[in-house]
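Chain by chain, the residues run as shown.
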Amino acid sequence: MRDLAAFPTGLPAAPKACLPENLRLRLARRVDLPFLLALYGSVRAPELQGCSWPQCRQEAFITDQFRLQHTHYLRAYSTADYWVVDRIEPDGAWVSIGRLSLDRSSRDWHLIELSLVAIERGRGRGTALIRWVQRAGAVASADSVGLHVARDNPGAIRLYARMGFRRVPSHFSTHARLCWTP
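Residues numbered from 1 in each chain as written. Predicted model: local features only at pLDDT ≥ 70, side-chain atom pairs only at ≥ 80, totals over all residues. Heavy atoms only, no water.

Novice: Please set out the overall build of the chain residue by residue, giving values where relevant.
Specialist: Looking only at helices and strands, one finds four helices and seven strands in the chain. Over its C-alpha atoms the chain spans a radius of gyration of 16 Å, differing by no more than 12% from the 16 Å that the globule rule assigns to 182 residues. Across its three principal axes, the chain shows a C-alpha extent of roughly 50 × 40 × 35 Å. The long-range share in the chain, meaning contacts at least 24 apart out of those at least 6 apart in sequence, stands at 63%. In the chain, 25 positive and 16 negative side-chain charges are present, and the distance between their average locations comes to 4 Å. (Helix = DSSP H or I, 4+ residues; strand = E, 2+ residues; numbered from the N terminus. Rg over C-alpha atoms; globule rule 2.2 N^0.38 Å. Contact = heavy atoms within 4.5 Å. Lys, Arg positive; Asp, Glu negative; His and termini not counted. Charge placed at Lys NZ, Arg CZ, Asp CG, Glu CD.)

Pasting the structure below:
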């Protein structure tokens with residue numbers, strides 16, 4: 001993990017919009033890379049179910065794919081926000097549960113990635129984070145919030161549709177492009 005590029009620093013503060021009080025966003029740091037790798041692996045795990053590769057090969061594949069994604073994101077979205085999503089435990093400790101990457105460098109914001117650990121999915125946390133992005137975009141007078149989602153992920157497509165995102169033309173055969181306007 002040491003050879004991976006560091007996250008950008010000195011970014012503008014997160015937009016002023018209310019997150020649920022049990023969630024927070026904090027800038028991702030190099031020390032978060034092991035968590036982010038594990039999160040990435042949990043998102044990609046369904047693709048590897050039933051795979052005949054030995055476990056060590058699967059882990060190497062996930063590590064390589066994460067490294068490629070991380071490098072691509074930092075090059076393609078060098079001014080984006082890369083946040084770790086934390087949830088507060090009953091004892092007051094914060095635990096990392098996901099990531100949110102958002103490019104606010106133009107008036108058309110791009111939601112690069114929103115992912116949560118498996119146990120946190122389906123509990124309304126993704127919806128709360130999407131609402132936060134929408135409120136923040138409206139407060140900042142963004143013209144739109146756009147994103148790409150894998151066409152073979154109908155659950156995510158339905159979620160974004162419920163949140164007011166509409167399909168627009170996509171340059172990618174594997175991903176749908178969705179857009180929300182305030």
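Novice: How would you sum up the environment of Leu-100? Please name residues and give values.
Specialist: Along the chain, the position of Leu-100 falls in strand S3 (residues 94–103). Each C-alpha atom of the pair Leu-100 and Tyr-82 lies 6.2 Å from the other, and the pair is 18 residues apart in sequence. Sequence-distant contacts of Leu-100, defined by excluding residues within four places in its chain, comprise Leu-25, Asp-81, Tyr-82, Trp-83, Val-85, Leu-111, Glu-113, Leu-114, Trp-132 and Val-133.

Novice: Can you lay out the sheet that holds strand S4 (residues 108–116) for me, pointing to particular residues and giving the numbers?
Specialist: Pairing between sheet strands relies on hydrogen bonds along the backbone, with the strands arranged either parallel or antiparallel. The seven strands are arranged S1-S2-S3-S4-S5-S7-S6 in an open sheet whose pairing can be described as mixed. Of all strands in the sheet, those bounded by a partner on one side alone are strand S1 (23–27) and strand S6 (166–168). This sheet shows a mean twist of 35 degrees between the axes of neighbouring strands, independent of strand direction. Note that strand S5 (residues 144–150) and strand S7 (residues 175–180) share six bridges and pair antiparallel. (Pairing = 2+ DSSP bridges. Axes fitted to C-alpha atoms, helices over the stretch in contact; angles between N-to-C directions.)

Novice: With reference to specific residues and values, describe helix H4 (residues 154–162).
Specialist: Spacing of three or four residues puts side chains on the same side of an α-helix, whose turn is 3.6 residues. The set of residues buried in H4 consists of Ala-156, Ile-157, Leu-159 and Tyr-160. What you see down the axis of H4 is that its buried residues fit within an arc of 160 degrees, all on one side. Seen from the buried face of H4, the exposed residues on the opposite side, beyond 90 degrees, are Arg-158 and Arg-162. Contacts made by the buried residues of H4 are with S4, helix H3 (125–139), S5, S6 and S7. After H4 finishes, the residue Gly-164 shows a positive phi value of roughly 95 degrees. (Buried < 20%, exposed > 50% of the residue type's maximum accessible area, 1.4 Å probe, protein only. Arc of directions from axis to C-beta.)

Novice: An account of the packing of aromatic side chains is requested, with residue identities and associated values reported.
Specialist: Scanning the entire structure with this criterion turns up five aromatic pairs. Where Tyr-73 meets Tyr-77, the ring centres are 6.4 Å apart and the plane angle is 65 degrees; that geometry is what we call edge-to-face. In this structure Tyr-73 comes out as buried when scored by relative accessible area, which is 12%. With a centroid separation of 5.5 Å and 80 degrees between ring planes, the pair formed by Trp-83 and Trp-132 is classed as edge-to-face. (Phe/Tyr/Trp six-rings, centres within 6.5 Å; stacked < 30°, edge-to-face > 60°.)

Novice: Would you mind going over the packing of helix H1 (residues 33–48) against helix H2 (residues 55–76) in detail, with residue names and values included?
Specialist: It is at 9 Å that the axes of H1 and H2 come closest, and there the two elements cross at 115 degrees. Where H1 crosses over H2, the two elements pack in a sense that is right-handed. Across from Leu-33, Leu-36, Leu-37, Tyr-40, Gly-41, Arg-44 and Leu-48 in H1, the residues of H2 making contact are Gln-58, Phe-61, Ile-62, Thr-63, Gln-65, Phe-66, Gln-69 and His-70. (Left-handed = near helix turned anticlockwise from the far one by under 90°.)

Novice: Outline the layout of surface pockets, listing residues and values.
Specialist: Space inside the largest pocket adds up to approximately 1600 Å³. Val-43, Leu-114, Val-149, Ala-150 and Asn-153 are, among the 40 residues lining the largest pocket, the residues nearest its centre. Contributing elements (two or more residues each) for the lining of the largest pocket: H1, H2, S4, H3, S5, H4 and S7. No other element matches the seven residues that S4 contributes to the lining of the largest pocket. (1 Å grid on protein atoms, 1.4 Å probe; cavity = no way out; pocket = protein on both sides within 12 Å on 5 of 7 lines; lining within 4 Å. Points joined across faces, edges and corners; volume = space filled by probe spheres on them.)

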